[in-house]
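Architecture and fold: a report
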Amino acid sequence: GQQVMQIPQYQHVQEGEDFTTYCNSSTTLSNIQWYKQRPGGHPVFLIQLVKSGEVKKQKRLTFQFGEAKKNSSLHITATQTTDVGTYFCAGRLLETSYGKLTFGQGTILTVHP
Amino acid sequence: EADIYQTPRYLVIGTGKKITLECSQTMGHDKMYWYQQDPGMELHLIHYSYGVNSTEKGDLSSESTVSRIRTEHFPLTLESARPSHTSQYLCASSPWDSEVSYNEQFFGPGTRLTVL
């Protein structure tokens, strides 16, 4: 069954509001990556987290990796219409082959101007 | 921008036809992947390869087959297409790294397949 769960599935926000998507794994992850897929496009790599408790920032985006390396979050401050798209987390499960990623279901973000 | 290409971008075909989806990358990456994605849904890994003559089935069972005769080329073939194969197929590649951590995947634009 699904080993990497992502919530919420959908999120509608007004431009300027904050947004957070959460990713939870049933097993410990070696690392976790985040991707963004614009409508009609393909996934584009955003960032990778490796260390327990790691926090990384990219402008308005903040990424966290949990202490137990089983969960992660992506937070966007003051959303803009350019943030529209689907955000996927993807983790490498410790017991899987090197390089294989398990993707979450994704969170579809809609930003209303 | 990553140099990974997929053709065709769109394909509408009748049931029972044999099809091959092409994927090529010019980055010299050893690892390549095929994902299947339905609209608004997650990506499911159907095949992957760690290098020439290496292919493995992914987490989602698929009737498709792949080959890796050249590093840059990773085609996917369906011997007899069915309506249940209608989906988007995404090809990706990533560099080999001796370190455990860094394996960002670069995705191609995808092929949207419709089987009538």
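All of the points below concern the structure found in this document. Computed from a prediction, not measured in an experiment: that's the story for all the values here. (Residues numbered from 1 in each chain as written. Chains lettered and ligands numbered in written order. Predicted model: local features only at pLDDT ≥ 70, side-chain atom pairs only at ≥ 80, totals over all residues. Heavy atoms only, no water.)

1. Considering the overall build of chain B
- Along the backbone of chain B there are zero helices and 11 strands.
- Traced from its N-terminal end to its C-terminal end, chain B shows the element sequence β-β-β-β-β-β-β-β-β-β-β.
- Computed over the C-alpha atoms, the radius of gyration of chain B is 14 Å, within 12% of the 13 Å expected from 2.2 N^0.38 for a compact globule of 116 residues.
- For chain B, the C-alpha atoms occupy an extent of roughly 45 × 30 × 25 Å along the three principal directions.
- Across the 116 residues that make up chain B, the buried fraction comes to 47%.
- Long-range pairs, those at least 24 residues apart, make up 56% of the contacts in chain B between residues at least 6 apart in sequence.
- On chain B, roughly 5,500 Å² of surface is accessible, and the fraction owed to carbon and sulfur atoms is 52%.
- Placing the 9 positive and 14 negative side-chain charges of chain B at their respective mean positions leaves the two points 10 Å apart. (Helix = DSSP H or I, 4+ residues; strand = E, 2+ residues; numbered from the N terminus. Rg over C-alpha atoms; globule rule 2.2 N^0.38 Å. Buried < 20%, exposed > 50% of the residue type's maximum accessible area, 1.4 Å probe, protein only. Contact = heavy atoms within 4.5 Å. Areas by Shrake-Rupley, 256 points an atom, 1.4 Å probe, with all protein chains shown as cover. Lys, Arg positive; Asp, Glu negative; His and termini not counted. Charge placed at Lys NZ, Arg CZ, Asp CG, Glu CD.)

2. As for the sheet that holds strand β3 (residues 19-25) of chain A
Residue and element names in this part refer to chain A.
- Reading across from one edge, β1-β3-β8-β7-β6 is the order of the five strands in this open sheet, with antiparallel pairing throughout. Of all strands in the sheet, those with a lone pairing partner are β1 (4-7) and β6 (55-58), marking the two edges. The sheet shows a mean angle of 15 degrees between the axes of neighbouring strands, direction not considered.
- Here six bridges tie β3 to strand β8 (residues 71-76), and the two strands are oriented antiparallel to one another. Note that in β8 the partner of Cys-23 across the bridge is Ser-72. (Pairing = 2+ DSSP bridges. Axes fitted to C-alpha atoms, helices over the stretch in contact; angles between N-to-C directions.)

3. Observations regarding the packing of aromatic side chains
- In the structure shown here, the tally under the stated rule is 11 aromatic pairs over all chains.
- With centroids separated by 5.7 Å and ring planes inclined at 85 degrees, the aromatic side chains of A:Tyr35 and B:Phe107 adopt a geometry described as edge-to-face. Residue A:Tyr35 is located in strand β4 (residues 29-37), and its partner B:Phe107 is located in strand β10 (residues 106-107); the two belong to separate chains. Side by side, A:Tyr35 and B:Phe107 carry an identical accessibility label, which is buried.
- With a centroid separation of 5.3 Å and 55 degrees between ring planes, the pair formed by B:Tyr48 and B:Tyr50 is classed as tilted.
- With relative accessibility at 25%, the residue B:Tyr50 sits in the partly exposed group.
- Within the aromatic cluster, the residues linked to one another by ring pairs are A:Tyr35, A:Phe45, A:Phe88, A:Phe103, B:Tyr33, B:Tyr35 and B:Phe107.
- Sitting over the face of the ring of B:Phe74, B:Arg68 holds its NZ or CZ atom 5.8 Å from the ring centroid. (Phe/Tyr/Trp six-rings, centres within 6.5 Å; stacked < 30°, edge-to-face > 60°. Lys NZ or Arg CZ within 6 Å of the ring centre and 35° of its normal.)

4. As for the state of the cysteines
Residue and element names in this part refer to chain A.
- Applying the stated rule across the entire model yields two disulfides over all chains.
- Bridging Cys-23 to Cys-89, the disulfide has an S-S length of 2.0 Å. Since a negative S-S torsion denotes a left-handed disulfide, the Cys-23-Cys-89 link at about 75 degrees is right-handed. Of the two residues, Cys-23 sits in strand β3 while Cys-89 sits in strand β9 (residues 85-93), which places them 66 residues apart along the sequence. (Disulfide = S-S within 2.5 Å.)

5. Structural notes on the interface of chain A and chain B
- On the side of chain B, 28 residues touch chain A, which itself brings 25 residues to the contact.
- Summing both partners gives a buried area of about 2,100 Å² for chain A against chain B, and 49% of it is carried by carbon and sulfur.
- Summed over the shared surface of chain A and chain B, the result is zero salt bridges.
- Breaking the side of chain A that touches chain B down by element, the ones donating at least two residues are β4, β5 (44-49), β9 and β10 (102-103) of chain A.
- For the side of chain A that touches chain B, the leading source of residues is β4(A), giving five residues. (Buried area = accessible area lost by both parts, 1.4 Å probe. Salt bridge = Lys/Arg side-chain N within 4 Å of Asp/Glu carboxyl O.)

6. Some details on the environment of B:Gly28
Residues and elements named next belong to chain B.
- You can see Gly-28 is positioned in the loop between β3 (19-25) and β4 (31-37).
- A relative accessible area of 52% means that Gly-28 is categorised as exposed.
- Residues Gly-28 and Phe-106, spaced 78 residues apart in sequence, show a C-alpha to C-alpha distance of 12 Å.

That's the geometry; what it means functionally is another story.
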